[in-house]
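Chain by chain, the residues run as shown.
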Amino acid sequence: GDSVTQMEGPVTLSEEAFLTINCTYTATGYPSLFWYVQYPGEGLQLLLKATKADDKGSNKGFEATYRKETTSFHLEKGSVQVSDSAVYFCALSGPMNGKLTFGQGTILTVHP
Amino acid sequence: DAGVIQSPRHEVTEMGQEVTLRCKPISGHDYLFWYRQTMMRGLELLIYFNNNVPIDDSGMPEDRFSAKMPNASFSTLKIQPSEPRDSAVYFCASSLGQGIAQPQHFGDGTRLSIL
């Protein structure tokens, strides 16, 4: 079945550091890929998405590129802020339905 | 626009009691999803509805769990009887359409503690 694997956390960075959170997936067909973010005490919010190979999703300075050859969708940001501290989830949506399969989540903490 | 609204935000009850969680999806959305989040198991899809009809309940852990959607603007997830291992954060989400690129919009969750 479909699965998503994220890099182990937690990740701790200083403000303005470069961020990479790795995400790889296993799926049949051509899924859509998503990054969701969860701030403390809140539900998940869509951060960005990509629907086909080589698409780049971007939002709020975050980017991720759909790499079919490596089955990856790594999240990057050039300069993180304290306000980016949250839990980040990689997810895929199978081609036959709208069900999301989530990775285990990566906790990001950014210090001033 | 109002997002997905869940109630209560927090629920603490004793083992054996019935628990009912409520969700109001975004108006016009035709898909509704119930998830459970725990440290050990992460995010799990329990059940989802399309146009008020349950489509896939394979994630419901056992017969103690049931979910209903009597109309397009309301859904409940019920646990009877509750057990300590049901303690988790339960999220409701809704989406417009089932297209593979349709994002799901999440509520803020219900934090359930079973003593």
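These notes cover the structure that comes with them.

### Considering the overall build of chain A
Then comes step 1: Check the secondary structure of chain A and you find 0 helices and 12 strands.
Then comes step 2: Across chain A, helices and strands are ordered from the amino to the carboxyl terminus as β-β-β-β-β-β-β-β-β-β-β-β.
Then comes step 3: Projected onto its principal axes, the C-alpha positions of chain A cover 45 × 30 × 20 Å.
Then comes step 4: Per-residue burial over chain A gives 43% buried out of 112 residues.
Then comes step 5: Within chain A, counting contacts between residues at least 6 apart in sequence, those at least 24 apart form 55% of the total.
Then comes step 6: Computed over 8 positive and 11 negative side-chain charges, the separation of the two mean positions in chain A equals 8 Å.

### A few points about the sheet that holds strand β3 (residues 19-24) of chain B
One key point about sheets: their strands pair by backbone hydrogen bonds, in either a parallel or an antiparallel sense.
Residues and elements named next belong to chain B.
Then comes step 1: Reading across from one edge, β1-β3-β8-β7 is the order of the 4 strands in this open sheet, with antiparallel pairing throughout. Looking along the sheet, the strands with just one partner apiece sit at the ends: β1 (5-7) and β7 (65-71). For this sheet the average axis-to-axis angle between neighbouring strands, irrespective of direction, equals 15°.
Then comes step 2: As paired elements, β1 and β3 share 3 bridges and run antiparallel to each other. By the bridge assignment for β3, Ser7 is matched with Arg22.

### Some details on the state of the cysteines
In protein structure, a disulfide is the covalent linkage between the sulfur atoms of two cysteines.
All names here are of chain B.
Then comes step 1: Enumeration according to the criterion identifies 2 disulfides over all chains in this entry.
Then comes step 2: The disulfide partner of Cys23 is Cys92, and the gap between their sulfur atoms is 1.9 Å. One disulfide, between Cys23 and Cys92, carries an S-S torsion of -65° and so falls in the left-handed class. One end of the pair, Cys23, is in strand β3; the other, Cys92, is in strand β9 (residues 88-95), with 69 residues separating them in the sequence.

### Description of the side chain of Thr76(B)
Residue and element names in this part refer to chain B.
Then comes step 1: In this fold, Thr76 is placed in strand β8 (residues 74-79).
Then comes step 2: Given a relative accessible area of 13%, Thr76 falls into the buried group.
Then comes step 3: Apart from residues lying up to four places away in sequence, Thr76 is in contact with Thr20, Leu21, Arg22, Trp34, Ser66, Ala67 and Lys68.

### A closer look at the layout of surface pockets
Then comes step 1: Considering only enclosed or pocket space, the largest pocket measures out at about 700 Å³ in volume.
Then comes step 2: Lining the largest pocket are 30 residues, and of these Gln38(A), Val87(A), Phe89(A), Gln37(B) and Met39(B) lie nearest its centre.
Then comes step 3: Elements that contribute at least two residues to the lining of the largest pocket include exactly β10 (86-93) and β12 (106-111) of chain A together with β4 (31-38) and β9 of chain B.
Then comes step 4: Here the lining of the largest pocket is composed, by residue class, of 13 nonpolar, 11 polar and 6 charged.

### Things to note about the packing of aromatic side chains
Within a pair of aromatic rings, the relevant descriptors are the distance that separates the centres and the angle that separates the planes.
Then comes step 1: Tallied over the full model, the rule gives 14 aromatic pairs over all chains.
Then comes step 2: Ring centres of Tyr35(B) and Phe106(B) lie 5.3 Å apart, and the angle between their planes is 35°; this geometry places the pair in the tilted category. You can see Tyr35(B) sitting in strand β4 and its partner Phe106(B) sitting in strand β10 (residues 105-106), a full 71 residues away along the chain.
Then comes step 3: The exposure class of Tyr35(B) is buried, given its relative accessible area of 0%.
Then comes step 4: Members of the aromatic cluster, connected to one another through ring pairs, are Phe34(A), Tyr36(A), Phe89(A), Phe102(A), Tyr31(B), Phe33(B), Tyr35(B), Tyr48(B), Phe91(B) and Phe106(B).

Reading the values: the criteria
Residues numbered from 1 in each chain as written. Chains lettered and ligands numbered in written order. Predicted model: local features only at pLDDT ≥ 70, side-chain atom pairs only at ≥ 80, totals over all residues. Heavy atoms only, no water. Helix = DSSP H or I, 4+ residues; strand = E, 2+ residues; numbered from the N terminus. Buried < 20%, exposed > 50% of the residue type's maximum accessible area, 1.4 Å probe, protein only. Contact = heavy atoms within 4.5 Å. Lys, Arg positive; Asp, Glu negative; His and termini not counted. Charge placed at Lys NZ, Arg CZ, Asp CG, Glu CD. Pairing = 2+ DSSP bridges. Axes fitted to C-alpha atoms, helices over the stretch in contact; angles between N-to-C directions. Disulfide = S-S within 2.5 Å. 1 Å grid on protein atoms, 1.4 Å probe; cavity = no way out; pocket = protein on both sides within 12 Å on 5 of 7 lines; lining within 4 Å. Points joined across faces, edges and corners; volume = space filled by probe spheres on them. Nonpolar A, V, L, I, M, F, W, Y, C, P; charged D, E, K, R; others polar. Phe/Tyr/Trp six-rings, centres within 6.5 Å; stacked < 30°, edge-to-face > 60°.

None of the figures reported here should be taken as evidence of function without further support.
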